[in-house]
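The chain contents come next:
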Amino acid sequence: MSLDLATVHADQISLNSLVQNLVYASGTVGAIMVVVGLLMIDAGTTRSKNLLTSTIEKLMGFFIGFTVYFVIGFALWAAQYYIIEDATLGDSIADWWLGGGMVNARAHEISPDIFPGLNNFQIFVFFLACFAGIINVLLHFAVAERIKAAAYFILCIAATLVSSALSWATWGSVGPLTNPGFHDFFGVGFVYLFPAGMALVLVPRLGARPGMFTPHPLVQSYNAPSIGLAATGLVTIFAGLPMVILSCLFFFDPEALAVSVTMANTSVGIAFNNYGLAWAGGGISGLLIAYKTRNYAYTLLGPLAGYVAGASGFDVYLPWQMFIVSLGAPFVAWAVYEFTLKRGIDEHKLFPLFLGAGSYGLIMLGLFKAGTPRGGYLGIEEGAYAFQHGEIGIVMQLVGIIACIAAGAVTALVVGTILEKTIGLRVPEEDQAAGLDKLNWGIEHDGESVVLSPAE
């Protein structure tokens, strides 16, 4: 099809729109860097005899989530912005499923009267599809080395569908929970609490890995290849997240006024500084806990806990408030971590960081920033979706936490039960002990390196 310059809608492809396109496109780069960092953490902390299997399963989980989100997931999230214009979920699906009109349209051929800023919305599909994949990667951290690959892949499909619907309710400004007051700038609820809720159901059913708490005839202790590689992965994640933060801001006239995805008053500088202080405060407390307990794991958990606790409020905290909240986060993660160890629960990432620090951060946000105006949509001056008609409050924060965890738990309960009664969920213990790389790929390992034992 040849280009007819007479039909070009210049407002859709202006220099200003290009700058915004680049801002949101950078978020996809940041999201991919997060994936790289997560794979490095996995490579540094997974038993060598299972590492190839674990890496392949995480990658496939990411691609499954990414694909399913393109097919239908984004249409579910975008429906909130259709509803405020008196359109329907069906209209959103018609436009934004993989074969939809807006997904497959060239921005310069669509009038701004029909869909202004189409390029940005199209880029957002890629951006959020990356996080749909990341949710599956995070889930795998909780079930790795003991879940059957086929069962995990089916869970990935279900997780993407449910988390997409959950993002419609909990991430944005006009969803059924966000419009009344639930505030979550970075998607802590549907990205972090949701897979942690799934892990609450799946981890007890899968049991502990051989050698994790007690010696096994084939695995005397749980060995990890490289804590240094895991630390490098942590820094890689922190390097990618600023670009993701930028993509969680909407920019309006005059010039480039930054408003958070929650429609709260913010600025680029405040959001970035809050992010930096979040992992800095968490790092300091984590270091103190690590030396106190003689457990190096907290040198990694600390800054991650600070970040997760602060992520829901990067847009509205004042920097000094962010620092105080982040200082407390590793202590919450520590309490959850020790609780799981004493009870032989083999899950040392999602529970301390997401159920612990993530929930703590959402609650602190409801206390520190109660009454902060947000919600609705810029340009709407009256009615149920009026700009900043809602306020942050502790009640809606608690409602959001419960909804996100419950959504994950119910998803895992339903799908996990079906899988247990059909193809099975758990890899037999002897196969786990012998090593999944040999079982699945015929690969032998000469030996294993640094001991990683949570009981140290």
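The structure presented is a predicted model; accordingly, all values stated were derived computationally and were not measured.

**With respect to the overall build of the chain**
And then number 1: Scanning the chain from terminus to terminus reveals 14 helices and four strands.
And then number 2: Relative to a compact globule of 456 residues, whose C-alpha radius of gyration would be 23 Å, the chain shows 22 Å and is just as compact.
And then number 3: Taking the principal axes of its C-alpha atoms as reference, the chain extends roughly 75 × 50 × 35 Å.
And then number 4: Looking at the 456 residues of the chain, the share that counts as buried comes to 56%.
And then number 5: Summarising the internal contacts of the chain: among those between residues at least 6 apart in sequence, 78% fall at separations of at least 24.
And then number 6: For the chain, the exposed area adds up to about 17,800 Å²; of that, 68% sits on carbon and sulfur atoms.
And then number 7: With 18 positive and 30 negative side-chain charges, the chain shows a separation of 17 Å between the mean positions of the two kinds.

**Considering unusual backbone geometry**
And then number 1: At Asp86, a position not held by glycine, the phi torsion is positive, near 65°.
And then number 2: Following the sequence through the fold, Asp86 ends up in the loop between helix 2 (51-83) and helix 3 (89-96).
And then number 3: You will see that Met263, though not glycine, has its phi angle at about 70°, which is positive.

**Details of a nonpolar patch on the surface**
And then number 1: A cluster of nonpolar side chains, contributed by Leu15, Leu18, Val19 and Leu22, occupies part of the molecular surface with about 410 Å² of accessible area.
And then number 2: Positionally, Leu22 belongs in helix 1 (residues 15-45).

**A short note on the nonpolar core**
And then number 1: Membership of the largest hydrophobic core comes to 133 residues, with the highest contact counts inside it found for Phe74, Trp96, Phe186 and Tyr307.
And then number 2: The dominant element in this core, judged by the number of residues it contributes, is helix 4 (residues 118-143), at 18 residues.
And then number 3: Every residue in contact with Phe186, bar those within four places of it in the chain, is listed here: Trp171, Tyr192, Leu241, Val244, Ile245, Cys248, Tyr307, Ala311 and Ser312.

**Quick word on the packing of helix 9 (residues 297-311) against helix 11 (residues 350-368)**
And then number 1: Interaxial distance between helix 9 and helix 11 falls to 7 Å at its minimum, and their mutual angle equals 45°. Overall, the two elements helix 9 and helix 11 adopt an arrangement that is oblique. Considering the relative orientation of helix 9 and helix 11, their crossing is right-handed. Contact with helix 9, carried on its side by Leu301, Leu304, Ala305, Val308 and Ala309, involves Leu353, Phe354, Ala357, Gly358, Tyr360 and Gly361 of helix 11 and no other residues of that element.

**Here we look at the pattern of salt bridges**
And then number 1: One pass over the full model with this rule turns up eight salt bridges.
And then number 2: Two residues, Asp346 and Arg209, come together in a salt bridge whose shortest N-O distance is 2.8 Å. Separated by 137 residues along the polypeptide, Asp346 in the loop between helix 10 (319-342) and helix 11 and Arg209 in the loop between helix 6 (188-206) and helix 7 (227-247) bring together distant segments of the chain. With respect to class, Asp346 is no different from Arg209; both count as buried.
And then number 3: If you follow the salt bridges from partner to partner, you end up with Glu145, Arg146, Arg209 and Asp346 in one network.

Quick notes on the rules
- Residues numbered from 1 in each chain as written.
- Predicted model: local features only at pLDDT ≥ 70, side-chain atom pairs only at ≥ 80, totals over all residues.
- Heavy atoms only, no water.
- Helix = DSSP H or I, 4+ residues; strand = E, 2+ residues; numbered from the N terminus.
- Rg over C-alpha atoms; globule rule 2.2 N^0.38 Å.
- Buried < 20%, exposed > 50% of the residue type's maximum accessible area, 1.4 Å probe, protein only.
- Contact = heavy atoms within 4.5 Å.
- Areas by Shrake-Rupley, 256 points an atom, 1.4 Å probe, with all protein chains shown as cover.
- Lys, Arg positive; Asp, Glu negative; His and termini not counted.
- Charge placed at Lys NZ, Arg CZ, Asp CG, Glu CD.
- Patch = residues over 30% accessible without salt bridge, like charges linked within 9 Å, V, L, I, M, F, W, Y side chains within 5 Å.
- Salt bridge = Lys/Arg side-chain N within 4 Å of Asp/Glu carboxyl O.
- Core = buried A, V, L, I, M, F, W, Y, C linked by side-chain atoms within 4.5 Å.
- Axes fitted to C-alpha atoms, helices over the stretch in contact; angles between N-to-C directions.
- Parallel < 35°, antiparallel > 145°, perpendicular 65-115°, else oblique.
- Left-handed = near helix turned anticlockwise from the far one by under 90°.

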